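Letter by letter, the chains look like this.
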Amino acid sequence: MPAKPEYAISANATSENPQPGRLIFHPLDSSFSSSTSWPDSVRDIWLRFTLDPTTNRDTSVILHLNIPIPLFYLYRPDSHGGLSMIGNSGYELPYTRRSWRGNANDIPFVLSAAGNQTYYLRFSRYQSELKTALPSIESKDKALLEDQYGESRRMRAKIIQLFLAGFFLAICFYSMLKFFSQSKDKVYLYYALVNFFCFLGLAVYYHMPRFESSLFPWCKDSKEYCAIFSDITIVFNILFLRTIMELKTNANRIYRISQVYIVFHIIATVLIPVIAANPAYIVLGWISDLLYPICELLCLALYFLFTFYLWKHRTGFYTFLFYGSCVMTIGMFMFTLSSIYQTHEAFISKQGTVGEYIIMALFVIAQVCFFVMAMTQREKQADQARHRRISEMELKVLRSQMNPHFIFNSLNSIENFMMKNDKVMASDYFGKFASLMRMILDNSRNEWVPFRKDIQALQLYVELEQLRFANRFLYITEFDQVLLSGEFNVPPLLIQPYVENAILHGLAQSDKDELRLTITVAFENDHVVYTIEDNGIGRQKAEEYRRNKLSHKGMGMKISQERISILNQQQAGMGAVEVTDLYGNDGQPEGTRVRVKFKAV
């Protein structure tokens, strides 16, 4: 410690040409370091000390402080009664503007051999840590040796910082591109802003010159801008999380809590630095001292709430959100713990070891990766939902096509009875047709109907066709008891076109005496399997008959095939239609077997 140290305090920032005569100096005794508090209005503090050279020649020495200080200046008296600055340093000064390119806690100068000399050390914007920052004098050669290791450590840390800044900027550009390509989804906008302000904070604090901007009048240096950017990042991070989780719809109470916190955080972000920069800080300082820890604890509590909600709903993209939120909450918890044991300024100003920067980088990269994966998975789920809605619309269109097709054929049957003047049969047919119409109208409103209801409608249809063709064919059914006893659902009227085709084009054109239609329904590996078999004329003769009669080609089976294809996409099923031609021992066609398979619900 230099000899005869004295101190003075100033409530106003020092001018360009300080006048030491205006300051009142006091002996630097034990009361300086043991004092529990300094007035909150103090802006500058001065130390005056005398150095006695130990050699008869000028010596290059280093003035060293044992803890980081934002800004400090070294003066010596000039010939005009003022002070002349001989060096400056501090972690808030850019690397290129320091008097010493090494440690930010050092100022080099030449100690003259002319005798005792008085020096003045000024600390700009007083910090409470100053009580332990008393200077010491070291030889420049010793400082150079010590700084060689420190410089290599700082370079490694700076590389990590540059990597993180580039990483944030890349994610910001990625999110903005997704924002403009995804119909301006706010999730990507908020996440782009989160990464932009993270990048800006790193750039301002570590790599850009000291700010003297009027953007935020209460900010006097890059550290305070960095704190502002950090607070803005927290706000956009909360907006990102609550938007991607759709809390306004899914958890309105948590959404309102986050809304209240955002308002409180913005108010605190403005008030804390404004109060600290105001001369009334001596009166209002307790507000600033109280707001900051409250903000930290409430933010940590909100992150815990988000993480708990995601843990309860960790399906789909929420799983990746949960992992990212866990990493984010752990990081915030570590930050809060550190802040408990040291002031906010000391924590922000801490240079950190390479190991600490590596841990921070791993936390940041893990969090960003989880959140990017969550957004990617969310996009995939949205695409799947969109395709599902399209498929449902297509199914509705196909069902609407099926209904008039079936009604048209039934009305033809009624017309045939009326032309034959068979009033009894026409009345019986019309009664069954009315019952069937009610079933069709009920079933057509739904994408899926109970198996029993669909089978009832199918049996009623076959009975109508039996009446139409004067009971020329026998109708045989066999149903799996699992389907009849269970609560299985099937698409309505899916099988009817195949049954209709077997009757109209297979059995109706045959002159056999014993015609037979067999419908078997089985349950195999979560799939319903329909087998429609007839002993009619077969597909080849039916096609020849259709060409000779110039009959229209039915659309029912094509529509059913398209419906099964869409159902396969929706249900990830193995639905299929297999048509087999049946032949007798003499090689002649003896009917057709159609096997329709689709996944049950």
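Everything numeric here is computed off the predicted structure, so don't read it as measured data. (Residues numbered from 1 in each chain as written. Predicted model: local features only at pLDDT ≥ 70, side-chain atom pairs only at ≥ 80, totals over all residues. Heavy atoms only, no water.)

Peer 1: How should the overall build of the protein chain be read in this particular structure?
Peer 2: Secondary structure summary: the protein chain contains 16 helices and 16 strands in total. Across the protein chain, every contact between residues at least 6 apart in sequence was considered, and the portion connecting residues at least 24 apart equals 73%. Accessible surface, the protein chain: about 31300 Å² in total, of which carbon and sulfur atoms supply 58%. (Helix = DSSP H or I, 4+ residues; strand = E, 2+ residues; numbered from the N terminus. Contact = heavy atoms within 4.5 Å. Areas by Shrake-Rupley, 256 points an atom, 1.4 Å probe, with all protein chains shown as cover.)

Peer 1: It is not clear to me how the confidence of the model for the protein chain should be interpreted in this structure. Could you clarify?
Peer 2: On average, residues of the protein chain score 75 in pLDDT, and 72% of them reach the 70 mark or higher. The low-confidence segment residues 208–214, where pLDDT is below 50, has 18 contacts with residues more than four positions distant or belonging to other chains. Segment residues 342–354: pLDDT under 50, and 25 contacts once partners within four positions in sequence are set aside and those in other chains are kept. (pLDDT = per-residue confidence, 0-100.)

Peer 1: Whenever I open this one, the packing of helix α12 (residues 451–468) against helix α14 (residues 496–507) confuses me. Can you help?
Peer 2: Where α12 meets α14, the closest approach of the two axes is 11 Å, and the angle between their N-to-C directions is 15°. Our classification of the angle between α12 and α14 gives roughly parallel. Regarding α12 and α14, the two cross each other, and that crossing is right-handed. Two secondary-structure elements touch here, α12 through Leu458, Tyr461, Val462, Glu465 and Arg468 and α14 through Gln496, Val499, Glu500, Ile503 and Leu504. Across the contact of α12 with α14, the residue classes break down as 6 nonpolar, 1 polar and 3 charged. (Axes fitted to C-alpha atoms, helices over the stretch in contact; angles between N-to-C directions. Parallel < 35°, antiparallel > 145°, perpendicular 65-115°, else oblique. Left-handed = near helix turned anticlockwise from the far one by under 90°. Nonpolar A, V, L, I, M, F, W, Y, C, P; charged D, E, K, R; others polar.)

Peer 1: What is the right way to read the sheet that holds strand β7 (residues 106–111) from this model?
Peer 2: The pairing of strands in a sheet happens through backbone hydrogen bonds and is either parallel or antiparallel. A sheet is described by the order of its strands in space; here 3 strands give the open sequence β7-β4-β9, paired in antiparallel fashion. The open sheet has two edge strands, β7 and β9 (136–139), and neither has a second partner. Sheet twist, expressed as the mean angle between neighbouring strand axes with direction ignored, is 35°. One ladder, built from 6 bridges, connects strand β4 (residues 59–64) with β7; its direction is antiparallel. Considered in β7, the bridge of His64 is made with Asp106. (Pairing = 2+ DSSP bridges.)

Peer 1: I tried to follow the packing of aromatic side chains on my own but got confused; where do I start?
Peer 2: Geometry of an aromatic ring pair is reported as the spacing of the ring centres plus the angle between the planes. Within the structure shown, the criterion is met by 24 aromatic pairs. Between Trp46 and Tyr120 the ring centres are 6.4 Å apart and the planes differ by 80°, which places this aromatic pair in the edge-to-face class. Here Trp46 is found in strand β3 (residues 44–51), whereas its partner Tyr120 is found in strand β8 (residues 117–124), with 74 residues between them in sequence. By relative accessible area, which is 1% here, Trp46 ends up buried. Between Phe488 and Phe523, the aromatic rings sit 4.7 Å apart at their centres with planes inclined by 45°, giving tilted as the arrangement. With Phe488 in the loop between α13 (481–485) and β12 (489–490) and Phe523 in strand β13 (residues 515–524), the pair connects residues that are 35 residues apart, well separated along the chain. An aromatic cluster of at least three residues, connected via ring pairs, comprises Tyr190, Phe196, Phe197, Phe229 and Phe236. Note that Arg48 overlies the ring of Phe25, its terminal NZ or CZ placed 4.1 Å from the centroid. (Phe/Tyr/Trp six-rings, centres within 6.5 Å; stacked < 30°, edge-to-face > 60°. Buried < 20%, exposed > 50% of the residue type's maximum accessible area, 1.4 Å probe, protein only. Lys NZ or Arg CZ within 6 Å of the ring centre and 35° of its normal.)

Peer 1: Just to check I follow, could you spell out the pattern of salt bridges for this structure?
Peer 2: Applying the stated criterion to the full structure yields 6 salt bridges. The shortest N-O distance in the salt bridge between Glu533 and Arg593 comes to 3.1 Å. With Glu533 in strand β14 (residues 527–534) and Arg593 in strand β16 (residues 589–599), this pair connects stretches of sequence that are 60 residues apart. Overall, Glu533 belongs to the partly exposed group, its relative accessible area being 26%. You can call Arg593 partly exposed: its relative accessible area is 30%. (Salt bridge = Lys/Arg side-chain N within 4 Å of Asp/Glu carboxyl O.)

Peer 1: So what exactly am I meant to see when it comes to the nonpolar core here?
Peer 2: Counting residues in each nonpolar core, the largest one holds 51 residues, and the members touching the most others are Tyr191, Phe240, Leu241, Met245, Tyr303, Phe306 and Leu321. Only α2 (140–181), α3 (186–207), α4 (222–244), α6 (252–277), α7 (281–312), α8 (317–341) and α10 (354–419) provide two or more residues apiece to this core. Sequence-distant contacts of Tyr191, that is, excluding residues within four places in its chain, are made with Ile171, Ser175, Phe240, Gln367, Val368, Phe371, Val372 and Met375. By size, the runner-up hydrophobic cluster in this structure holds 46 residues, among which are Leu464, Val499, Ala502 and Ile519. (Core = buried A, V, L, I, M, F, W, Y, C linked by side-chain atoms within 4.5 Å.)

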